[in-house]
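# Per-entry structural report
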Amino acid sequence: MRIMGLWRFLKSLILVNKEVPQTRGMLYPRESETREVRSLDGIWNFVRSDQANPTQGVRDEWYAKELSKSRPTIPMPVPASYNDITTDNLRDHVGTVWYDRKFFVPRSWAKDQRIWLRFGSVHYEAYVWINGQKVVKHEMGHLPFEAEVTDLLSYGAENRITVMCDNALIQTTVPQGRITEVPNDGGMTIVQSYTFDFFNYAGIHRSVHLYTTPRTFIEEVEVTTNLSKDATIGEVFYSVSVNGSAANEADNVLHIQANLYDKEGVLVANATSDGKLGGKLQVNQVKPWWPYLMHPEPGYLYQLEIKLLATNDELLDVYRLKVGVRTLSWNSQQFLINGKPVYFRGFGRHEDADIRGKGLDNALMVRDFNLLKWIGANAYRTSHYPYSEESMQFADEHGIMIIDECPSVDTENYSQELLGKHKSSLEQLIHRDRNHPSVVMWSIANEPRTGSVGADSYFELVANYTRSLDKTRPITAAIAVPNTQDKAGRSLDIISFNRYNAWYSNAGRLDMVTQNVIDEAVAWNKRYNKPIIMSEYGADTLEGLHMQPAYVWSEEFQTEVFSRHFKAFDELRKKGWFIGEFVWNFADFKTAQSYTRVGGNKKGVFTRARQPKAAAHLLRKRYFALGRDLDQCSFPEDLFTYIADLIS
């Protein structure tokens with residue numbers, strides 16, 4: 001029996017590099033001469049399932065008719081997390097919930113075109129029906145999915161869409177969790193647990209769209225760019241994939257006309273491809289894409305217009321997207337953009353807000369980017385999952401660099417099934433975000449258990465798979481285990497580490513910060529000979545709590561913790577291989593209930609309502625000082641408050 005048990009254990013450690021299904025299409029919905037887009041956002045009908053009977057709605061076919069005919073419904077906004085909308089215990093519901101709504105499709109849409117249904121994100125697993133017919137199933141929160149519904153719609157008539165959403169996390173989901181049944185006052189109940197430190201919000205988190213395409217249409221566009229050594233000439237390489245019957249007709253050779261326009265709408269380059277549907281555009285006197293504060297005109301974007309033409313030059317489809325022309329490179333010491341070394345200064349963040357949870361909120365997004373620029377940050381990590389496509393577009397436009405992270409957090413209990421889903425999350429992420437100039441690095445995990453048995457082969461497979469999808473960007477992961485125990489760093493291009501000196505380690509001891517940070521960063525570099533980023537540091541802070549001398553949870557203590565880290569960072573910058581500092585966190589955010597969390601995680605430099613704590617003003621001075629020192633940016637006029645005109 002012991003031998004059989006050992007064999008099963010060893011077998012579980014043998015991981016095979018199996019193929020992962022490849023995403024098709026998924027271009028962001030945009031209107032053009034050949035396309036229409038309609039939003040299905042708004043107030044939907046909502047039903048929660050019985051936690052003890054989560055599949056009842058499928059068995060009883062709730063999708064076959066209006067939800068209100070199966071159960072009483074309540075109104076639910078889309079997009080939004082459902083958890084904080086009501087006044088009952090929906091917040092902690094585990095299992096499935098149902099949405100539906102009605103919508104009209106105009107008669108004009110029936111004319112020689114195709115109709116697609118697209119979700120920006122549903123967390124965690126989604127099943128979708130149109131008029132009672134199953135359309136699509138998708139597993140993985142924070143990422144888009146779509147399906148063609150041309151033949152399922154009633155044109156010039158009313159239609160119904162039904163969605164079942166399941167928020168349950170287990171050991172083979174990404175992220176992982178556990179479902180247990182425990183006794184309570186009424187008998188037994190279902191409890192969801194997870195180790196990650198943010199609330200498991202669920203629901204239809206991002207916009208739902210219907211959009212049209214021609215019968216033969218532009219399905220995918222992939223863009224890469226290059227610069228001449230003197231950065232005066234830019235190259236834009238484009239590759240297009242087509243979907244439709246005309247693409248398969250031998251006597252109809254499709255071709256692409258590509259036009260590139262500058263910000264003023266002036267045509268700066270054009271080309272016509274052959275049947276390979278790809279090509280190169282050369283831009284003279286190019287304006288490269290630069291990060292915020294590294295150039296007077298950061299985030300410069302061109303507009304790429306792709307026209308799909310038939311053999312007789314008949315226009316079949318048009319799609320437009322923004323393009324930033326820039327290069328990335330890295331070595332054992334540096335990370336460079338357009339040939340210039342980069343020093344990252346920014347944040348770990350969360351998509352999190354009061355009431356709407358992780359639901360897309362354009363007002364909040366604009367406020368956040370205004371605060372990022374106000375404080376002088378040039379980067380953030382999408383901790384710990386992909387952020388909305390709208391926020392990625394905003395980062396492109398404002399020159400904010402993104403370390404783009406997949407939803408694998410606290411990764412453990414490595415298995416073949418988990419590996420497949422982990423790789424799938426990265427495939428979907430890279431497919432979605434590969435054309436964004438703001439994305440400068442892929443993060444393949446946050447705080448994975450990289451000291452565990454099997455971590456070395458697991459992350460080697462994950463990292464190599466990521467490189468097979470995109471060789472133009474480096475790979476990192478935010479590691480929390482001690483460097484002496486880590487088994488994943490050898491597979492990364494850049495080492496990122498998380499450590500909370502004076503908080504989780506030596507709480508309250510401000511005299512145990514600076515040297516500890518220096519020593520650990522040096523140890524990581526000595527072991528792997530790669531660039532180092534401190535991807536998380538900080539301290540929980542209750543706004544308005546002041547104590548002198550500084551004491552844990554006070555605004556003074558957070559300020560002192562930051563200052564001690566700054567001193568370490570400046571010593572490390574002199575070594576040449578330390579390339580960035582990321583505060584945890586940009587803003588306070590909600591977590592699962594815990595006696596260690598008063599209303600959530602309070603490590604933000606901004607409150608959950610996006611107002612600054614004292615440390616935000618210190619950090620602003622730090623980031624702009626670094627900007628002036630490293631990138632010769634100017635100080636904002638209000639950076640320093642007037643004190644006195646001292647006359648001797």
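Residue numbers run consecutively from 1 along every chain, following the written order of its sequence. Whole-chain, interface and lining totals are the exception, using all residues; otherwise, since this is a predicted model, local features are given only for residues with pLDDT of at least 70 and side-chain atom pairs are given and counted only at 80 or more. Excluded from the side-chain calculation are hydrogens and water; included are all heavy atoms of the structure.

### Points about the UniProt feature "domain: Glycosyl hydrolases family 2 sugar binding" (unreviewed entry) in the chain
- UniProt positions are given in the numbering used here, feature names are shortened, and annotations may be inferred rather than shown by experiment. The positions that UniProt labels "domain: Glycosyl hydrolases family 2 sugar binding" (unreviewed entry) are, in the present scheme, residues 37–214.
- Only DSSP runs of H or I covering at least 4 residues are called helices, and only runs of E covering at least 2 are called strands; the numbering of each starts at the N terminus. Taken end to end, residues 37–214 has its terminal C-alpha atoms 13 Å apart, with 2% of it in helix and 47% in strand.

### Focus on the side chain of S425
- Here S425 shows up in helix α5 (residues 416–433).
- What qualifies as a polar contact is a pair of N or O atoms within 3.5 Å, subject to a donor-acceptor requirement within protein and to the restriction that residues adjacent in sequence count only when both atoms come from side chains. Looking at S425, its side chain comes within polar contact range of the main-chain oxygen of H422, at 2.6 Å.
- Here, two residues are considered to be in contact whenever any of their heavy atoms come within 4.5 Å of each other. When neighbours within four sequence positions are excluded, S425 is seen to be in contact with M140, L143, V174, C406 and P407.

### Focus on the pattern of salt bridges
- The term salt bridge refers to a side-chain nitrogen of Lys or Arg lying within 4 Å of a carboxyl oxygen of Asp or Glu. Taken as a whole and judged by the stated rule, the model has 49 salt bridges.
- The shortest N-O distance in the salt bridge between R622 and E581 comes to 3.0 Å. Linking R622 in helix α9 (residues 614–631) with E581 in strand β32 (residues 578–584), this pair joins segments that are 41 residues apart in sequence.
- For E581, a relative accessible area of 0% translates into the label buried.
- What emerges from the salt-bridge pattern is a single network uniting R24, E219, E220, E222 and R434. Any residue under 20% of the maximum accessible area for its type is buried, any over 50% is exposed, and the rest in between are partly exposed; the area is computed with a 1.4 Å probe on protein chains only.

### What about the packing of helix α8 (residues 555–573) against α9?
- Geometry is summarised by axes, namely lines fitted to C-alpha atoms with helices restricted to the contacting stretch, and by angles between N-to-C directions that run from 0 to 180 degrees. Running from amino to carboxyl end, α8 crosses α9 at an angle of 20°, the nearest separation of the two axes being 8 Å. By the criterion of interaxial angle, the relationship of α8 to α9 is roughly parallel. As α8 packs across α9, the resulting crossing turns out to be right-handed. Between α8 and α9, the contacting residues are E555, Q558, T559, F562, S563, F566, F569, D570 and R573 on the first element and A614, A615, L618, L619, R622, L626, D629 and L630 on the second.
- Gly is placed with the polar residues, together with every amino acid not listed as nonpolar (Ala, Val, Leu, Ile, Met, Phe, Trp, Tyr, Cys and Pro) or charged (Asp, Glu, Lys and Arg). Among the residues forming the contact of α8 with α9, the class breakdown is nine nonpolar, three polar and five charged. Roughly parallel means an angle under 35 degrees; roughly antiparallel means over 145; roughly perpendicular covers 65 to 115; every other angle is labelled oblique. Each crossing is labelled by how the near helix is turned from the far one, with a counterclockwise turn of less than a right angle marking it left-handed and a clockwise turn marking it right-handed.

### So, the sheet that holds strand β10 (residues 157–166)
- The criterion for strand pairing is that DSSP finds at least two bridges linking the strands in question. Strand order in the open sheet formed by six strands is β3-β2-β4-β10-β7-β8, and the pairing between neighbours is antiparallel. One side of each edge strand has no neighbouring strand; the edge strands of this open sheet are β3 (74–78) and β8 (133–139). The sheet shows a mean angle of 30° between the axes of neighbouring strands, direction not considered.
- As paired elements, strand β4 (residues 96–105) and β10 share 10 bridges and run antiparallel to each other. Bridge pairing in β10 links F103 to N159.

### Topic: the domain arrangement of the chain
- Just so you know, the domain bounds were taken from an automatic or database domain assignment. The domain boundaries assigned to the chain delineate domain 1 (36–167 + 202–214), domain 2 (216–323) and domain 3 (341–631).
- Once you take the C-alpha centre of each, domain 1 and domain 3 turn out to be 33 Å apart.
- Counting residues at the interface gives 18 residues for domain 1, matched by 20 residues for domain 3.
- The term buried area refers to how much accessible surface (probe radius 1.4 Å) is lost by two components on association, counted for both of them together. The junction of domain 1 with domain 3 conceals about 1600 Å² of combined surface from both sides, 52% of it contributed by carbon and sulfur atoms.
- Applying the counting rule to domain 1 against domain 3 returns four salt bridges.
- A salt bridge links R206 to E351; its shortest N-O distance comes to 2.8 Å.

### A few points about the nonpolar core
- By nonpolar core is meant a set of buried Ala, Val, Leu, Ile, Met, Phe, Trp, Tyr and Cys residues that side-chain atoms within 4.5 Å join together. Core analysis: the biggest nonpolar cluster contains 93 residues, and F347, I375, I444, F562, F578, V605 and L619 have the highest contact counts within it.
- The biggest single contributor to this core is α8, with seven residues.
- Y99, I115, L117 and C165 belong to the second largest nonpolar core, which has 32 residues in total.

### A few points about α8
- Expected span of a helix, by definition, is 1.5 Å for each gap between consecutive residues, and there is one gap fewer than residues. For α8, spanning 19 residues, the distance from its first C-alpha to its last is 27 Å, which sits close to the expected 27 Å at 1.5 Å a residue.
- Within α8 the residues assigned to the buried category are E555, F557, Q558, V561, F562, H565, F566, A568, F569 and L572.
- On the buried face of α8, the contacting elements are α7 (514–528), β31 (532–536), β32 and α9.

### Regarding the UniProt feature "domain: Glycoside hydrolase family 2 catalytic" (unreviewed entry) in the chain
- Residues annotated in UniProt with the feature "domain: Glycoside hydrolase family 2 catalytic" (unreviewed entry) correspond here to residues 332–624.
- Helix makes up 35% of residues 332–624 and strand 16%. Its end C-alpha atoms lie 27 Å apart.

### Regarding the packing of aromatic side chains
- Centres within 6.5 Å are what make two rings of Phe, Tyr or Trp a pair, Trp counting through its six-membered ring; a difference in plane orientation under 30 degrees is then read as stacked, over 60 as edge-to-face, and the rest as tilted. Throughout the structure, instances matching the rule amount to 38 aromatic pairs.
- Considering the side-chain rings of F347 and Y623, the 6.2 Å spacing of their centres and the 75° angle between planes classify their relative orientation as edge-to-face. Highlighted residues: F347 in strand β25 (residues 344–348) and Y623 in helix α9, separated in sequence by 276 residues. Pair check on accessibility: F347 and Y623 agree, each one buried.

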